[in-house]
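Structural overview for review
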Amino acid sequence: MSARRHVAVVTPWYPDAQRPYRGSFVQAMVEATAPGLDSVDVYHLDGWAVTREPEKLARVRDLQHRLLPRALAPAPAVAGARLYRLPVVIERSREHALHARRHAEWLRVALDGKQIEADLIHAHVPMYGGYAALENARPGARVYLTEHSSFLADVLAQEEARALYDEILDRSAGLFVVGEPLHRLIEDVFPHHAGKLAYIANPIDFRVRRPEPPIALRRWLSVAGLIERKRLDHLLRAFAECRAQDPDLRLTLAGEGELRRQLLALTSELGLDDAVDFIGAVEPGDIPGLMADHDLLVHTSRHETFGVVVVEALAAGTPVLVTRSGGSDQVLEGIEEDAGALVDVVDDPSVFADAYRSLRDRYPGKVDLDRARDHLRAKYSYEAVGDHHHRIWFGDAS
Amino acid sequence: MNLLFLAPQASRKRAVAIETRRALDDGHHVVLVAEAGVNREGWDLDPRVEVEWLQANTIDAAEPRATALFARKLPLGLLRRVGRGPLRKPADKAARRWKRQVTNPLDADRRRRTEALRERHRLERVQARIEAAQPDWLVLCESAAIELAAEFVPALLDAHPDTRATYAYEPLPGGDRDR
């Protein structure tokens, strides 16, 4: 086999025992692209915040210098990949440029004077994975980047980080984004790099599909972190309004987050204790089955870089009722009516409730889930995304 | 092997629970030295894990009674008492100033002393446990474990260079499929 098909993936996010769902799209990307490659090495650089107190920090850094090269050992990962995990210790700081430098520095320490072997590196999150990859790549290696960060605007608001991001883009072979909001942001800030910017999809599992479409849209499902941006309070109020007319409605909330207590309290306040189920975080592998067990995916997020759960729902054959959060609009472009319904991001829960009633009334006659699913499979299946990566990397499909 | 997991802040409970269970299933002896946390919530440990709860969070630096009385209770109580009617605003302003200039620095100092006491407690307990358990594999489960380890692991490695030190229990096979 040719050595040119050795690929390294450098990422700050990857599922681990603590957070089995964090960066699952990177794991999926590895699984999608591995067929047709000779070998894949995954470097998971996990940021661990440590003290800023200078003397203690110096001792911590000394210890890391001693331990990291000893601790770095490959573990078998998906699709035959080798996984290297290393904690990136970073003194507590909001400076993204400092975080970037630490990612690069600790990867260099872990590699113990060597460079990343692969001639082709695909790094996730340019500021962290990208800079670390560029600083540790062999001369002549091509480094591609994918940006997923929902906090990119904060990164680019910092002068030093913005300058570093500019340098990262300059040195990279190409930058990919998963959704239109990130594309627009990067193009606005770095118009001189617009030629390097393109879309790439996160791969979605289309293998599990419910045997029959839902009969009625009564079992709602939300797969979202319990955080402010997801507007689950808004969802609960809209659900309460709909349930007042149809007591058989049920809502499952999959996900964890800082608002759990407040949302539980709101559920009680709205008299929904018997109708709403908080099931906590769900393993990525369980998502397709969960989608297939419900009648409707609901999503009230204000802003998304990509609509992963929207594609996952339709892949499982479940219709969607989601807000125009950026990523979802793009995913559903051209198949909005077939897939379910899109709702504007407004503060009035009645708008979401009205959209539900409208969808319920035209379901199933005026919804074409098969057409929506086929449309998405051509863009987001593992095969499609794997081929797309291979065309970028090698000029041909796997 | 004889494994010692160190989790002095217990910030990665799920990972610790999974990895200790996996290590036990692989036939290792497992000791966990960890902060208990409030009501030990979130721990889902295998009963075979030998646990030493640090309970450092129950330790607080005491404040001298005279300081509490003359720097907090009397001046702030007096300002509360006189701060009625037309004197409310000036009294509130004086109280805020007093807190900013007197009690806040006292609080910060107390936090520093508390943290120093807790740190010493953790270090003593961990070192005693390591002395007793003689582990040949240290698992530093979180950033606080690295901070604590910085105080004793270099000497430990000098004395026992074969001691394995990693950030997770990830033997072969491991990786991401079983996680």
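Residues numbered from 1 in each chain as written. Chains lettered and ligands numbered in written order. Predicted model: local features only at pLDDT ≥ 70, side-chain atom pairs only at ≥ 80, totals over all residues. Heavy atoms only, no water.

Let us now look at the overall build of chain B. A count of helical and extended segments in chain B gives five helices and five strands. By the compact-globule yardstick of 16 Å for 179 residues, chain B is too spread out, its C-alpha radius of gyration being 23 Å. Reported as C-alpha extents along the three principal axes, the dimensions of chain B are approximately 75 × 35 × 25 Å. Within chain B, the proportion of its 179 residues that are buried is 47%. Looking at chain B alone, contacts between residues at least 24 apart form 71% of all its contacts between residues at least 6 apart. If you sum the accessible surface of chain B, you get close to 9,900 Å²; carbon and sulfur atoms cover 52% of it. One way to put it: in chain B the 32 positive side-chain charges average out to a point 17 Å from where the 27 negative ones average out. (Helix = DSSP H or I, 4+ residues; strand = E, 2+ residues; numbered from the N terminus. Rg over C-alpha atoms; globule rule 2.2 N^0.38 Å. Buried < 20%, exposed > 50% of the residue type's maximum accessible area, 1.4 Å probe, protein only. Contact = heavy atoms within 4.5 Å. Areas by Shrake-Rupley, 256 points an atom, 1.4 Å probe, with all protein chains shown as cover. Lys, Arg positive; Asp, Glu negative; His and termini not counted. Charge placed at Lys NZ, Arg CZ, Asp CG, Glu CD.)

Another point: the interface of chain B and chain A. Taken together, the contact pairs 34 residues of chain B with 34 residues of chain A. Taking both sides of the interface into account, the surface hidden between chain B and chain A amounts to around 2,800 Å²; carbon and sulfur atoms contribute 54%. On inspection of chain B and its partner chain A, the count reaches seven salt bridges. Between Glu151(B) and Lys56(A) there is a salt bridge, with its nearest N and O atoms 4.0 Å apart. At the junction of chain B and chain A, the tally comes to 13 residue pairs in polar contact (both at pLDDT 80 or more). Mapped by element, the contributors of at least two residues to the side of chain B that touches chain A are helix H1 (13-25), helix H4 (143-149), helix H5 (153-159) and strand E5 (164-166) of chain B. Counting residues per element, the side of chain B that touches chain A draws most heavily on H1(B), at five residues. (Buried area = accessible area lost by both parts, 1.4 Å probe. Salt bridge = Lys/Arg side-chain N within 4 Å of Asp/Glu carboxyl O. Polar contact = N/O pair within 3.5 Å; in protein donor to acceptor, adjacent residues only side chain to side chain.)

All names here are of chain A. Spatial ordering of the open sheet is given by E11-E10-E9-E12-E13-E14, a layout of six strands whose pairing is parallel. In the strand order of this sheet, the two ends are held by strand E11 (276-280) and strand E14 (340-343), each with one partner. Geometrically, the sheet is characterised by an average inter-axis angle of 20 degrees between neighbouring strands, direction not taken into account. When strand E9 (residues 219-223) meets strand E12 (residues 296-299), the two strands line up parallel, connected through two bridges. Bridge assignment links tryptophan 220 to a residue of E12, and that residue is leucine 296. Packed on one face of the sheet, helix H8 (residues 232-245) meets E9, strand E10 (250-254), E11 and E12 and runs near 165 degrees to E10. (Pairing = 2+ DSSP bridges. Axes fitted to C-alpha atoms, helices over the stretch in contact; angles between N-to-C directions.)

Two side chains that carry opposite charge are able to pair once their charged atoms sit near each other. Residues and elements named next belong to chain A. The full count for this structure, using the stated rule, is 46 salt bridges over all chains. A salt bridge links aspartate 46 to arginine 19, with the nearest nitrogen and oxygen atoms 3.4 Å apart. You can see aspartate 46 sitting in strand E2 (residues 39-50) and its partner arginine 19 sitting in the loop between strand E1 (6-11) and helix H1 (24-33), a full 27 residues away along the chain. Looking at aspartate 46, the relative accessible area reads 6%, which means it is buried. Measuring nitrogen to oxygen at the nearest pair gives 2.5 Å for the salt bridge that ties arginine 61 to glutamate 105. Highlighted residues: arginine 61 in helix H2 (residues 54-71) and glutamate 105 in helix H3 (residues 96-111), separated in sequence by 44 residues. Looking at glutamate 105, the relative accessible area reads 12%, which means it is buried.

Residue and element names in this part refer to chain B. Residues Leu69, Phe70 and Leu74 make up a contiguous nonpolar surface patch of about 300 Å² in total accessible area. Looking at the element boundaries, leucine 69 is found in helix H2 (residues 65-82). Judged by relative accessible area, leucine 69 falls into the partly exposed class, the value being 36%. (Patch = residues over 30% accessible without salt bridge, like charges linked within 9 Å, V, L, I, M, F, W, Y side chains within 5 Å.)

As recorded in UniProt, the feature "domain: Glycosyltransferase subfamily 4-like N-terminal" (unreviewed entry) lies at residues 81-205 of chain A. Annotation note: span residues 81-205 of chain A, helix share 45%, strand share 22%, distance between end C-alpha atoms 19 Å. (UniProt positions renumbered as here; feature names shortened; annotations may be inferred.)

All right, on to the packing of H1(A) against helix H16 (residues 382-394) of chain A then. All names here are of chain A. The geometry of H1 relative to H16 is characterised by a closest axis approach of 8 Å and an angle of 75 degrees between their N-to-C directions. Comparing the axis directions of H1 and H16 gives the class roughly perpendicular. On the side of H1, the interface is formed by Ala28, Met29, Glu31, Ala32 and Thr33, while H16 contributes Tyr382, Gly386, His389, His390 and Trp393. (Parallel < 35°, antiparallel > 145°, perpendicular 65-115°, else oblique.)

Turning our attention to the environment of Glu312(A). Within the secondary structure, Glu312(A) sits in helix H11 (residues 308-315). Considering only alpha carbons, one finds Glu312(A) and Arg138(A), 174 residues apart in sequence, at a separation of 37 Å.

Moving on, we come to the sheet that holds strand E3 (residues 75-76) of chain A. Residue and element names in this part refer to chain A. Here we have eight strands laid out as an open sheet, ordered E3-E4-E2-E1-E5-E6-E7-E8, and mixed in their pairing. Either end of the sheet is taken by a strand with one partner, and the two such strands are E3 and strand E8 (197-199). Two strands pair when backbone bridges link them, and E3 and strand E4 (residues 82-91) are joined in this way by two bridges, in the antiparallel orientation. Paired with alanine 75 across the strands is leucine 83, a residue of E4. Of the strands in this sheet, E2 and E4 are in contact with H2, which crosses E4 at around 165 degrees.

Parsing chain B into structural domains produces domain 1 (2-59 + 119-166) and domain 2 (65-111). Here the C-alpha centre of domain 2 of chain B lies 43 Å away from the C-alpha centre of domain 1 of chain B. (Domains from an automatic or database assignment.)

Residues and elements named next belong to chain A. Interaxial distance between H3 and helix H4 (residues 125-136) falls to 8 Å at its minimum, and their mutual angle equals 45 degrees. The orientation of H3 with respect to H4, classified from their angle, is oblique. When the axes of H3 and H4 are compared, the crossing they make is right-handed. Judged by residue contacts, His96, Ala97, His99, Ala100, Arg101, His103, Ala104, Leu107, Arg108 and Leu111 of H3 engage Met127, Tyr128, Tyr131, Ala132, Glu135 and Asn136 from H4. Residues belonging to the contact of H3 with H4 are distributed by class as follows: nine nonpolar, four polar and three charged. (Left-handed = near helix turned anticlockwise from the far one by under 90°. Nonpolar A, V, L, I, M, F, W, Y, C, P; charged D, E, K, R; others polar.)

All names here are of chain A. Its place among the elements puts alanine 173 in the loop between helix H6 (159-171) and strand E7 (174-177). Separated by 95 residues in sequence, alanine 173 and serine 268 place their C-alpha atoms 53 Å apart. For alanine 173, the residues in contact, after removing those within four places along its chain, are Arg142, Val143 and Tyr144.

Turning next to the side chain of Glu35(B). Residues and elements named next belong to chain B. Mapped onto the secondary structure, glutamate 35 falls in the loop between strand E2 (29-34) and strand E3 (50-53). For the buried glutamate 35, which has no salt bridge, the nearest side chain bearing the opposite charge is arginine 122, at an N-O separation of 4.5 Å. A distance of 3.4 Å separates a polar side-chain atom of glutamate 35 from the backbone nitrogen of asparagine 57. Once residues lying within four places of it in the same chain are set aside, the contact partners of glutamate 35 are Ala7, Pro8, Gln9, Ala10, Trp43, Trp53, Leu54, Gln55, Ala56, Asn57 and Arg122.

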